[in-house]
Amino acid sequence: MKVKILIVEESESLRHWLKTELDNKGYDTITASFGKQAQEIAESHCPDLVLLSEQLTDMDSVALLKKIREWSSVPIIVIGTSYDEDYTVYALDSGADDFITTPLGISELLSRIKLALRHSVNYGSNSVNIHNSRFEVGELVVDYDTYCVYIAGRNAELTQNEFRLVALLGKNAGRVLTYEYIITQLWGPNAVMDNQILRVNMANIRKKLEEKSSAPRYISTVAGIGYKMAAE
């Protein structure tokens, strides 16, 4: 499974360059030319990272950033045409994870992307069990770099939605995540708050990860509230 990146850039040439370079490096990219379009895509596709242009004509880029921050902690890197300390501080204080300026080389961009993704993995997680973008508890390993989950050394062969659910729980090991929070993080703020889709995914996950689905070792259900990943 590939990391999904939303590129928000009005300049066609820069947008095309970013998409081409990132596609060639194995990322799955989605592009948007304007802020409103980007907001809709972010809410419906739930990207793993956003590259956000400093300059948008239809809305303020920081306003868009704040809109996304209302429901998601996805890493957001703002791309500016020049360094402005006041604007940079404003963007970072508003929820941006990083700020870079053009012209930029692909090597630096890739480095910034990897760093932002790594920080997003470690944020809010149990630091004892997170090592080099891997969450480990018992015989369960969630590898955030390769988008794979292993159980007793065997690839569990999770689907994309199943991986995203396990990955989210792993990032918040030991904490109860509500059904509403999980649905919003995985499918966006406009998703129907129907717990049935979570129950179906969780049933399949437990068949692949748990020795006994009826007595789960790794992911427990908190009745009427949500799910919790074991921290130890």
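Refer to the structure presented above.
What counts, and at which threshold
- Residues numbered from 1 in each chain as written.
- Predicted model: local features only at pLDDT ≥ 70, side-chain atom pairs only at ≥ 80, totals over all residues.
- Heavy atoms only, no water.
- Salt bridge = Lys/Arg side-chain N within 4 Å of Asp/Glu carboxyl O.
- Helix = DSSP H or I, 4+ residues; strand = E, 2+ residues; numbered from the N terminus.
- Buried < 20%, exposed > 50% of the residue type's maximum accessible area, 1.4 Å probe, protein only.
- Pairing = 2+ DSSP bridges.

Take the pattern of salt bridges next. Summed over the entire model, instances satisfying the criterion amount to seven salt bridges. Of the charged contacts in the structure, one is a salt bridge between Lys19 and Asp23, with a shortest N-O distance of 3.2 Å. Taken together, the residues Lys19 and Asp23, both in helix H1 (residues 12-24) and four residues apart, mark about one turn of the helix. Judged by relative accessible area, Lys19 falls into the partly exposed class, the value being 30%. When its relative accessible area of 30% is taken as the criterion, Asp23 is described as partly exposed. Measuring nitrogen to oxygen at the nearest pair gives 2.8 Å for the salt bridge that ties Lys208 to Glu162. Of this pair, Lys208 sits in helix H8 (residues 195-209) while Glu162 sits in helix H6 (residues 160-171), and the two are 46 residues apart along the sequence. Residue Lys208 is classed as partly exposed on the basis of its relative accessible area of 25%. For Glu162, a relative accessible area of 4% puts it in the buried group. Taken together, the shared-partner salt bridges in this structure form one network comprising Asp98, Glu108 and Arg112.

Right, let's get into the pairing of strand S8 (residues 140-143). The alternating pattern of S8 places Leu140 and Val142 on one face and Val141 and Asp143 on the opposite face, and all of these are buried. Both strand S7 (residues 134-137) and S8 contribute to a ladder of four bridges, which runs antiparallel. Looking at the pairing, Val137 lines up with Leu140 of S8. Counted between consecutive antiparallel strands, the loop separating S7 from S8 contains two residues, among which Gly138 sits at a positive phi close to 60°. Both S8 and strand S9 (residues 148-151) contribute to a ladder of four bridges, which runs antiparallel. In the strand pairing of S9, Val141 is matched with Tyr150. Once S8 ends, the chain turns through four residues before running back antiparallel as S9, passing Tyr147 with a positive phi of about 60°.

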